[in-house]
Amino acid sequence: MVPPVSSREFEASFAEIHPPLGPHEAIAEATRCLYCFDAPCTNACPTHIDVPRFIKKIATGNLTGSAFAILDANILGLSCSRVCPVNVLCEGACVLHRYHKRPIEIGRLQRHAMDHFYARGLRLFEGERRRGRVACIGAGPASLACAAELRRQGLGVTVFDKRPLAGGLNTYGVAEYKLRPSDSLKEVELVRAMGVEFRLGVEVGREVSIEEIEKQFDIIFLGVGLGPTLPLGIPGENLAGVVDALRFIAGYKTNGGAYIGRRVAIVGGGNTAIDAAAASRRLGAEEVHLLYRRSEKEMPAFEHEVELARQQGIRFHWLTQPVAIHGGQEVEAIECVRMELGPPDQKGRRQPRPIEGSNFRLSCDMVIPSIGQSRLIEFLSQCRRLELRHGCVVADLETGRTANPRYFAAGDCVNGGREVVDSVAEGKRAAVGIGKAIEELHG
Ligand code: SF4
């Protein structure tokens, strides 16, 4: 193991990858915008932030107005400005691409306005109180977006979460160099200041029963996300030195550092695997190997993330599947088999299959599995009359309505795991659906 980094080294290693714009830079960038009438950037944003409107306000020096324009559409404007894959969303749609020009840096401009908003301690208004109480279960992006929108409608909202801090993956699961917990918690405080009650460290289904929640609230919104990282299901998984990616990321983020191996093997090909690999390097691992059972082309992680990881010296092993982890008490090596891609399956995805006799061992003292998250079937089964498909809640994407009219749901527990901005958009839409359902109940 590598000795833990000091807090100063931690700060330096996890410096944000997209530094903020200075005031002059921001104005110069904002004035490059064409303020398109049909704004493809706005259409590409799942929360439909009015991009030309907020950029124009930056260009005219009205940063507060700009921030309000962003928050009107997206209550998590601060975290989305840092974690959104802008090059495949708003910036990817910018018309300047058509003229072979650099797209407007929408993400950094949004961050500029949001940093101004929080630096001045500004707040949002809630709506006039009306009858109706909603319980939001889970305190991640979907619930926060839903809760804020419900408060704008004047409804009473209580958010429950089993963890001591709210924010969900924004607080615990996004790599530090993209989003710091302190920034995620600023957004939680903004939602709290709108009159949302938070009951943290309370697990629904254990400390408080579903029946009790049903008695106390008119509507229950499920924004519970997904469960823990799936196990690899191979021998040696219980050895010391095997830590799943989400636990690893949450651990170093909330403790300001963590013990890390000298040679680390990450298993998986998604963005979380890349985050874990990049964090391992920053924490001081000498070698970081990323093992993925398909080829680079099939890797689900964003291309720009893969490229960044490559620049950090992470070694990629494509078409490689772990079959065992070896060691006495602690991890000493991971055994893998080479794979080849077979013909496409029904979904058109080529299935990997092992090449007989191609086993090899890679020395390592830490293994970080990151092969996706489990589903919260046990908890969801306690909620009566919900329909589940592949472990996810079946809900109308426009209204969040589930098979049980008193339950609404959105975010990862419905979509199976997408971007933060998708959860925000779905949570907000569900709040509109809930508002209508409460009107039907109370008039
Ligand atoms: Fe500005 Fe580009 Fe959006 Fe047009 S598409 S409004 S130029 S950011």
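Predicted model, so just to flag it, every value in this text is computed and none were measured.

## Digging into the nonpolar core
The nonpolar side chains of soluble globular proteins are, as a tendency, buried together.
Then step 1. F54 and F221 are the most contacted members of the largest nonpolar core, which totals 71 residues.
Then step 2. It is helix 18 (residues 420–442) that contributes the most residues to this core, eight residues altogether.
Then step 3. In this structure F54 touches I49, S66, A69, I70, I106, L109 and Q110, once residues within four positions along its chain are discounted.

## Topic: the packing of helix 4 (residues 51–59) against helix 8 (residues 106–119)
Then step 1. At their nearest, the axes of helix 4 and helix 8 sit 10 Å apart, and the two run at 60 degrees to each other. Here helix 4 lies oblique to helix 8, going by the angle between them. Crossing of helix 4 against helix 8: the hand is left-handed. Together, V51, F54, I55 and I58 of helix 4 and I106, L109, Q110, H112 and A113 of helix 8 make up the contact between the two elements.
Then step 2. A class-by-class count of the residues in the contact of helix 4 with helix 8 yields seven nonpolar, two polar and no charged.

## A short note on the packing of aromatic side chains
Then step 1. This model, assessed by the stated rule, comprises five aromatic pairs.
Then step 2. Ring centres of F68 and F117 lie 5.7 Å apart, and the angle between their planes is 90 degrees; on these two criteria the pair is classed as edge-to-face. Of the two residues, F68 is situated in helix 5 (residues 63–73) and F117 in helix 8; the sequence distance between them amounts to 49 residues.
Then step 3. The class for F117 is buried, based on a relative accessible area of 0%.

## Section: the domain arrangement of the protein chain
Then step 1. What the domain assignment reports for the protein chain is domain 1 (16–119), domain 2 (133–227 + 374–442) and domain 3 (245–369).
Then step 2. Just the C-alpha atoms count here: the centres of domain 1 and domain 2 sit 27 Å apart.
Then step 3. Listed as interface residues are 22 residues of domain 1 and, on the opposing side, 24 residues of domain 2.
Then step 4. Summing the contributions of domain 1 and of domain 2, the shared interface buries around 2,000 Å²; its carbon and sulfur component is 69%.
Then step 5. Of all residues in domain 1, I75, L76 and V83 give up the largest surface area on contact with domain 2, accounting jointly for 30% of the area buried on that side.
Then step 6. On inspection of domain 1 and its partner domain 2, the count reaches one salt bridge.
Then step 7. A salt bridge links D183 to R82, with the nearest nitrogen and oxygen atoms 3.7 Å apart.
Then step 8. Applying the counting rule to domain 1 against domain 2 returns six residue pairs in polar contact (both at pLDDT 80 or more).
Then step 9. Elements supplying a minimum of two residues to the side of domain 1 that touches domain 2: helix 5, helix 6 (77–83) and helix 8.
Then step 10. In terms of residue count, helix 6 provides more of the side of domain 1 that touches domain 2 than any other element does, six residues in total.
Then step 11. Split into classes, the residues belonging to the side of domain 1 that touches domain 2 amount to 15 nonpolar, four polar and three charged.

## So, the side chain of Q110
Then step 1. By secondary structure assignment, the location of Q110 is in helix 8.
Then step 2. By relative accessible area, Q110 is classed as buried at 7%.
Then step 3. Polar side-chain contacts of Q110 include one of 2.8 Å to the backbone oxygen of G77.

## A look at the sheet that holds strand 15 (residues 407–409)
Then step 1. Spatially, 3-2-1-4-15 is the arrangement adopted by the five strands of the open sheet, whose pairing is parallel. Each edge of the open sheet carries a strand with a single partner, namely strand 3 (197–200) and strand 15. Here the strands of the sheet are splayed against their neighbours by 20 degrees on average, with no regard to which way each runs.
Then step 2. Where strand 4 (residues 219–222) lies against strand 15, three bridges are found, and the strand directions are parallel. Its bridge partner lying in strand 15, I220 is registered against Y407.
Then step 3. Against the sheet, helix 18 contacts strand 1 (133–137), strand 4 and strand 15, and its axis sits at roughly 170 degrees relative to strand 4.

## Describing unusual backbone geometry
Then step 1. At H100, a position not held by glycine, the phi torsion is positive, near 55 degrees.
Then step 2. Its location among the elements puts H100 in the loop between helix 7 (90–93) and helix 8.
Then step 3. Since its relative accessible area comes to 76%, H100 is described here as exposed.
Then step 4. At L319, a residue that is not glycine, the phi angle is positive and equals roughly 50 degrees.
Then step 5. Mapped onto the secondary structure, L319 falls in the loop between strand 7 (315–317) and strand 8 (320–326).

## Comments concerning the pattern of salt bridges
Then step 1. Applying the stated criterion across every chain yields a total of 24 salt bridges.
Then step 2. Put simply, K186 and D183 hold a salt bridge, and the shortest N to O gap is 3.0 Å. Note that K186 and D183 are positioned in helix 11 (residues 181–193) at a spacing of three residues, about one turn of the helix.
Then step 3. Residue E340 pairs with R353 through a salt bridge whose shortest N-O separation is 3.4 Å. Residue E340 is located in strand 9 (residues 333–344), and its partner R353 is located in strand 10 (residues 350–354); the two are separated by 13 residues in the primary sequence.
Then step 4. Taking the relative accessible area as the measure of exposure, E340 reaches 35% and is therefore partly exposed.
Then step 5. On the basis of relative accessibility, which here comes to 42%, the residue R353 falls in the partly exposed class.
Then step 6. Here the salt bridges do not stand alone but share partners, grouping E29, R32, R102, E105 and R108 into one network.

## Quick notes on the packing of helix 14 (residues 271–282) against helix 15 (residues 303–311)
Then step 1. Axis separation between helix 14 and helix 15 bottoms out at 10 Å; the angle between their running directions is 20 degrees. Here helix 15 runs roughly parallel to helix 14, going by the angle between their axes. With respect to the hand of their crossing, helix 14 and helix 15 are arranged in left-handed fashion. In this structure, helix 14 contributes N271, I274 and D275 to the contact, and helix 15 contributes E305, V306 and A309.
Then step 2. Residue composition of the contact of helix 14 with helix 15, grouped by class: three nonpolar, one polar and two charged.

Thresholds, definitions, all that
- Residues numbered from 1 in each chain as written.
- Predicted model: local features only at pLDDT ≥ 70, side-chain atom pairs only at ≥ 80, totals over all residues.
- Heavy atoms only, no water.
- Core = buried A, V, L, I, M, F, W, Y, C linked by side-chain atoms within 4.5 Å.
- Buried < 20%, exposed > 50% of the residue type's maximum accessible area, 1.4 Å probe, protein only.
- Helix = DSSP H or I, 4+ residues; strand = E, 2+ residues; numbered from the N terminus.
- Contact = heavy atoms within 4.5 Å.
- Axes fitted to C-alpha atoms, helices over the stretch in contact; angles between N-to-C directions.
- Parallel < 35°, antiparallel > 145°, perpendicular 65-115°, else oblique.
- Left-handed = near helix turned anticlockwise from the far one by under 90°.
- Nonpolar A, V, L, I, M, F, W, Y, C, P; charged D, E, K, R; others polar.
- Phe/Tyr/Trp six-rings, centres within 6.5 Å; stacked < 30°, edge-to-face > 60°.
- Domains from an automatic or database assignment.
- Buried area = accessible area lost by both parts, 1.4 Å probe.
- Salt bridge = Lys/Arg side-chain N within 4 Å of Asp/Glu carboxyl O.
- Polar contact = N/O pair within 3.5 Å; in protein donor to acceptor, adjacent residues only side chain to side chain.
- Pairing = 2+ DSSP bridges.

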